[in-house]
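Structure assessment
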Amino acid sequence: MFRWGILSTAKIGVTVVIPAICDAENSVLSAVASRDLSKARAVADRFGAPHAFGSYEEMLASKDIDGVYIPLPTSQHVEWSLKAAEAGKHVLCEKPISLHADQIAALQHARDTHGVLISEAFMVTYHPQWLKVRELVQGGTIGTLRRVQAAFTYFNKDAGNMRNQLSLGGGALPDIGVYPTVVTRFVTGKEPLRVSATVERDPDFGTDRYASVRADFDGFELGFYVGTQLASRQSIVFHGDKGYIEVLAPFNTGKYDHAKVWLHNAAHDGAQEFNFGGVNHYRLQVEAFAREAQGEKAGVFSLEDSVRNQKLIDAVYRSDKSGKWETV
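All figures in this text were calculated on a predicted structure; none of them were measured in a lab. (Residues numbered from 1 in each chain as written. Predicted model: local features only at pLDDT ≥ 70, side-chain atom pairs only at ≥ 80, totals over all residues. Heavy atoms only, no water.)

Some points on the overall build of the protein
If you tally the helices and strands in the protein, you get 9 helices and 15 strands. Over its C-alpha atoms, taken along the principal directions, the protein stretches across nearly 60 × 45 × 40 Å. Here the protein, with 328 residues, has 55% of them falling under the buried criterion. Partitioning the intrachain contacts of the protein with sequence separation of at least 6 by distance along the chain shows that 66% fall at a separation of at least 24. Averaging the coordinates of the 35 positive side-chain charges in the protein and doing the same for the 38 negative ones gives two points 2 Å apart. (Helix = DSSP H or I, 4+ residues; strand = E, 2+ residues; numbered from the N terminus. Buried < 20%, exposed > 50% of the residue type's maximum accessible area, 1.4 Å probe, protein only. Contact = heavy atoms within 4.5 Å. Lys, Arg positive; Asp, Glu negative; His and termini not counted. Charge placed at Lys NZ, Arg CZ, Asp CG, Glu CD.)

A word on the side chain of arginine 185
Topologically, arginine 185 is positioned in helix H7 (residues 172-188). If near-sequence neighbours (up to four positions away) are discounted, arginine 185 is found in contact with Lys190, Glu191, Pro192, Phe217, Asp305, Arg308 and Asn309.

Comments concerning the pattern of salt bridges
A full pass over the atoms with the stated rule returns 22 salt bridges. Between glutamate 191 and arginine 308 there is a salt bridge, and its shortest N-O distance comes to 3.5 Å. Of the two residues, glutamate 191 is situated in the loop between H7 and strand S8 (194-201) and arginine 308 in helix H9 (residues 303-322); the sequence distance between them amounts to 117 residues. A single network of salt bridges, built from pairs that share partners, joins Arg185, Glu191, Asp305 and Arg308. (Salt bridge = Lys/Arg side-chain N within 4 Å of Asp/Glu carboxyl O.)

So, the nonpolar core
Formed by 78 residues in total, the largest nonpolar core has its most connected members in Trp130, Val133, Phe238 and Ile245. Considering each element in turn, this core owes the most residues, 9 residues, to H7. Setting aside its immediate chain neighbours within four residues, tryptophan 130 contacts Val124, Val183, Phe186, Val187, Ile236, Phe238, Val247, Pro250 and Phe251. In this structure, Tyr56, Val78, Ile97 and Ile118 belong to the second largest nonpolar core, which totals 26 residues. (Core = buried A, V, L, I, M, F, W, Y, C linked by side-chain atoms within 4.5 Å.)

Re the pairing of strand S5 (residues 90-94)
Of all 5 residues in S5, 5 are buried, a share of seventy percent or more. In this fold, strand S4 (residues 67-70) hands off to helix H4 (residues 77-86), which returns the chain to S5; that crossover is right-handed. In this structure, S5 lies alongside strand S6 (residues 118-121), joined through 4 bridges in parallel fashion. The residue bridging cysteine 93 from the neighbouring strand is glutamate 120, located in S6. In this fold, S5 hands off to helix H5 (residues 104-114), which returns the chain to S6; that crossover is right-handed. (Right-handed = clockwise from strand over helix to strand, strands pointing away. Pairing = 2+ DSSP bridges.)

Points about the sheet that holds strand S3 (residues 51-53)
Across the sheet, which stays open at both edges, the 6 strands sit in the order S3-S2-S1-S4-S5-S6 with parallel pairing between neighbours. Among the strands making up the open sheet, the edge pair consists of S3 and S6. On average, each strand axis in the sheet is tilted by 25° relative to the strand beside it, whichever way the strands run. Bridge analysis of strand S1 (residues 2-7) against S4 gives 3 bridges, and the strand direction is parallel. Opposite isoleucine 6, over in S4, you have tyrosine 69 as the bridge partner. Helix H2 (residues 37-47) rests against strand S2 (27-33) and S3 of the sheet, and its axis sits at about 160° to S3. (Axes fitted to C-alpha atoms, helices over the stretch in contact; angles between N-to-C directions.)

As for H4
Across the 10 residues of H4, 7 count as buried, placing the element largely inside the fold. Within the span of H4, buried status applies to His77, Val78, Trp80, Ser81, Leu82, Ala84 and Ala85. Looking at the buried positions of H4, the neighbouring elements they touch are S1, helix H3 (56-60), S4, S5, H5 and S6. Count one or two residues on from H4 and you reach glycine 88, which has phi positive near 85°.

Structure (structure tokens):
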């Protein structure tokens, strides 16, 4: 069994990742760490973990864990991923793993030097609905892909929330802009060539609260918008000359809608529905990570993929600043 340690008692860890670890076939929750020992102990007791630590350093020094899940604020992801790797622990780090593509080189070096697995937690790449979309697109079911159109929005003006704090890596693009980019790349197996974008920042928070992006791929384009002060919405469509694919609840299945994929024919007089009810992509992610950390090839999201995805986001910011197309 792969023994997990959780670095902090952040909400996403407690509400979705720890339950996924507890349900996983090949994993066990061994420890929880917090800068407040009472918080760590409370979460550890709640989920039956035998160990609780009052500092992150103590947990990383423990021989009772094989790897860590890091749900810290984005600005701390690289720092603690490096510290965990240097301690010989495998690392599953919440996305985005870095705010700049060039920072990921240090993680690649640490991975190779210390012989550990470091992966960015893009749970969507483990969901069977996305494996189905990739199969349909790459299998030519919708013919030649010409356009991908996506949206991901929610409303949050809480000044105390890390998503609205620039110093912690907040903003729409780091938080949710990474999803349309990663699934488009995952489905098509292609990379963007250039990007044109506009970004709007909150006058009080300084974070990007809205972004409209156009990414030019080889043969097709991706258009998407993201926002942190809009009514909640998730959608994505892959449009080809022989049909198109709609993915319901593409990024947060169960929260925005059910996990369904609709395949429409060119005449729009017929559609096929694929359902993926009851799937927990967090559990699938945990299980795949544990298998790969133990030597099996399990299709875990790589740091090389992290670099490519973050380069697109970096280009979005450059395009907004320059007002021009920017090479990715």
